[in-house]
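The lines below spell out each chain.
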Amino acid sequence: MTKTFLQAINEGLRQILETVPESYILGEDVGTYGGGFGATKGLVADFPDRVLDTPISEAAITGVATGSALLGKRPILEIQFSDFLTVAIDQLVNEAAKIHFLSNGEQSVPMVIRAASGSGTGASSQHSQSFENWFAHVPGLIVVMPSNAYDAKGILVAAVKNNNPVLIFEPKSLYKTAMPVPSELYEVPIGQAKLVKEGTDLTIIALGRMVEVAKSVASQTSASLEIVDPITISPLDIKTLTASAQKTGKVLILTEAVTRSGISGEILAQLVEAGFSGAIKRLGGQFMPISAAKSVELAQVPTVDAILETIDKMMKEV
């Protein structure tokens, strides 16, 4: 059945509440309002004691989730905009991510944080940032970014069953996109990249919303493009990425997040360290705040035209 990205998440959340008794949802406006973007719509009616509206305090919410996870619960925390993770960064980075290590493996923090991420909705500088670069840097955190409805539901289910804190960046510009999604419960494996499209001339490694952009590019060029979606940003499935890179001999890495000190540079470095010696380039967001003006905002992340131009140059290189 065809479902939007948001509908798939909503269905996944409902099925998790039905099948994982330790799970519960908390966050700002997740109850009657249905969440900042509607991902929790209708759930509080059927699970009134397990869908909890909270005060506007990301630090407090994350602290509550961390504490309850230590006590055996499996909280699913919604952060309306990933930008607001900055308010919760102490609880997330200095507590949740460290407790397993500091307890010598005796304690686990099986919590999931969902956060709407990225640009493309005209939400301006403080509601449109891509912080996956930051959090992929933190030992103890699993960081994932689904690029479609199918993966959004499956990675959520896998995250809830994981015994570590999992941060899910959901590209909010994709919330209304739709595709066939199974009605039954299923998992998309954490730490496993996906081959989106086979090709022979050049590999595009695309994260989040850039996967859809890469697919559009593939339909507009004569080059045979292979598209790989890491899905999990930390830990990276470098084996799959390297296999594709070695196959085509050319790699273009696409991210919405800025390239400076970013995950694209980490992918590049790990490919080189794994033995890849072919042509490799990166395209990412411009190093500046996101604009509220649509015409400017759209040009601040890699565009189809910019990607096509880069591919054309790479294909001409010997």
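Residues numbered from 1 in each chain as written. Predicted model: local features only at pLDDT ≥ 70, side-chain atom pairs only at ≥ 80, totals over all residues. Heavy atoms only, no water.

For the chain, the name recorded in an unreviewed UniProt entry is Alpha-ketoacid dehydrogenase subunit beta, with Pseudolactococcus raffinolactis as its organism. Here the chain is described in UniProt, under the heading Cofactor (unreviewed entry), as follows: "thiamine diphosphate". (UniProt positions renumbered as here; feature names shortened; annotations may be inferred.)

Peer 1: Would you mind going over the overall build of the chain with me for this structure?
Peer 2: Scanning the chain from terminus to terminus reveals 12 helices and 14 strands. Rg of the C-alpha trace for the chain: 19 Å, near the compact-globule value of 20 Å for 318 residues, within the 12% margin. With the principal axes as the frame, the chain shows a C-alpha extent of 60 × 45 × 40 Å. Per-residue burial over the chain gives 52% buried out of 318 residues. Sequence-distant contacts, at least 24 apart, represent 81% of the contacts inside the chain between residues at least 6 apart. (Helix = DSSP H or I, 4+ residues; strand = E, 2+ residues; numbered from the N terminus. Rg over C-alpha atoms; globule rule 2.2 N^0.38 Å. Buried < 20%, exposed > 50% of the residue type's maximum accessible area, 1.4 Å probe, protein only. Contact = heavy atoms within 4.5 Å.)

Peer 1: What am I meant to see in the pattern of salt bridges here?
Peer 2: Any two side chains of opposite charge can pair, on the condition that their charged atoms come close. Counting across every chain of the model gives 14 salt bridges. For K281, the salt bridge identified is with E317, shortest N-O distance 3.9 Å. Here K281, found in strand β14 (residues 279–285), pairs with E317, found in the segment after α12 (304–316); they are 36 residues apart in sequence, far enough to count as distant. Given a relative accessible area of 35%, E317 falls into the partly exposed group. (Salt bridge = Lys/Arg side-chain N within 4 Å of Asp/Glu carboxyl O.)

Peer 1: What should I look at first to understand unusual backbone geometry in this one?
Peer 2: In terms of backbone geometry, most residues other than glycine have negative phi values and most peptide bonds are trans. Cis geometry marks the peptide bond from S234 to P235; its omega dihedral reads 5°. Residue position: P235 is located in the loop between β12 (232–234) and α9 (238–248). Residues other than glycine seldom take positive phi values, yet N104 does so here, at roughly 60°. Here N104 lies in the loop between α5 (99–102) and β5 (112–117). Here N104 falls in the exposed class, since its relative accessible area comes to 68%. A positive phi is found at S124, a non-glycine position, where the angle reads about 75°. Structurally, the position occupied by S124 is in the loop between β5 and α6 (132–135).

Peer 1: For this particular structure, what's the right way to read the environment of G285?
Peer 2: Examined against the element boundaries, G285 turns out to sit in strand β14. The class for G285 is buried, based on a relative accessible area of 9%. For the pair G285 and Y186, spaced 99 residues apart in sequence, the C-alpha to C-alpha distance is 33 Å. Among all residues touching G285, those that are not within four sequence positions of it are T255, E256, A257, V258, T259, Q300, V301 and P302.

Peer 1: Quick question: what am I supposed to make of the UniProt feature "domain: Transketolase-like pyrimidine-binding" (unreviewed entry) in the chain here?
Peer 2: In the numbering used here, UniProt assigns the "domain: Transketolase-like pyrimidine-binding" (unreviewed entry) feature to residues 3–177. Within residues 3–177, the helical portion is 35% and the strand portion 18%, while the C-alpha atoms at the span's ends are 8 Å from each other.

Peer 1: Explain helix α1 (residues 5–19) here, please?
Peer 2: Side chains of residues three or four places apart in an α-helix project in the same direction, reflecting 3.6 residues per turn. For α1, spanning 15 residues, the distance from its first C-alpha to its last is 21 Å, which sits close to the expected 21 Å at 1.5 Å a residue. All of the buried residues along α1 are F5, L6, A8, I9, N10, E11, G12, L13, Q15, I16 and L17. (Expected span 1.5 Å × (residues − 1).)

Peer 1: Got a minute to help me understand the sheet that holds strand β10 (residues 202–206) in this structure?
Peer 2: Backbone-to-backbone hydrogen bonds join strands into a sheet, with any given pair of strands oriented parallel or antiparallel. Spatial strand order, β9-β11-β10-β13-β14: 5 strands in an open sheet with mixed pairing. Looking at strand neighbours, the two that pair on one side only are β9 (194–197) and β14, the edges of this open sheet. Each strand of the sheet is rotated relative to its neighbour by a mean of 25°, with strand direction disregarded. In the sheet, strand β13 (residues 250–258) pairs with β14 via 6 bridges, with the strands oriented parallel. Bridge pairing links I253 to R282 in β14. Across the face of the sheet, α9 comes into contact with β10, β11 (225–229) and β13 while running at roughly 170° to β11. In the packing of α12 onto the sheet, contacts are made with β10, β11, β13 and β14, and the angle to β13 comes to roughly 155°. (Pairing = 2+ DSSP bridges. Axes fitted to C-alpha atoms, helices over the stretch in contact; angles between N-to-C directions.)

Peer 1: Explain the packing of α1 against helix α7 (residues 149–161) here, please?
Peer 2: A pair of packed helices is characterised by two quantities: the angle between their axes and the separation of those axes. At a minimum axis distance of 8 Å, the contact between α1 and α7 shows a crossing angle of 25°. As the angle between them shows, α1 and α7 are arranged roughly parallel. Judged by the sense of rotation from one axis to the other, the crossing of α1 with α7 is right-handed. Contacts between α1 and α7 pair F5, A8, I9, E11, G12, L13, Q15 and I16 from the former with A149, A152, K153, L156, V157 and V160 from the latter. When the residues that make up the contact of α1 with α7 are grouped by side-chain class, the tally is 10 nonpolar, 2 polar and 2 charged. (Parallel < 35°, antiparallel > 145°, perpendicular 65-115°, else oblique. Left-handed = near helix turned anticlockwise from the far one by under 90°. Nonpolar A, V, L, I, M, F, W, Y, C, P; charged D, E, K, R; others polar.)

Peer 1: Help me understand the sheet that holds strand β2 (residues 23–27), please; the structure alone is not making it clear to me.
Peer 2: Overall, mixed pairing links the 7 strands, which are arranged β3-β2-β4-β5-β7-β6-β12 in an open sheet. Of all strands in the sheet, those bounded by a partner on one side alone are β3 (51–53) and β12. Direction aside, neighbouring strands of the sheet carry axes that sit 20° apart on average. As judged from the 5 bridges shared by β2 and strand β4 (residues 74–79), these two strands associate in the parallel manner. Across the sheet, residue Y24 finds its bridge partner in β4, namely P75. Along the sheet, α1 makes contact with β2, β3, β4, β5 and β7 (166–171), crossing β2 at roughly 130°.

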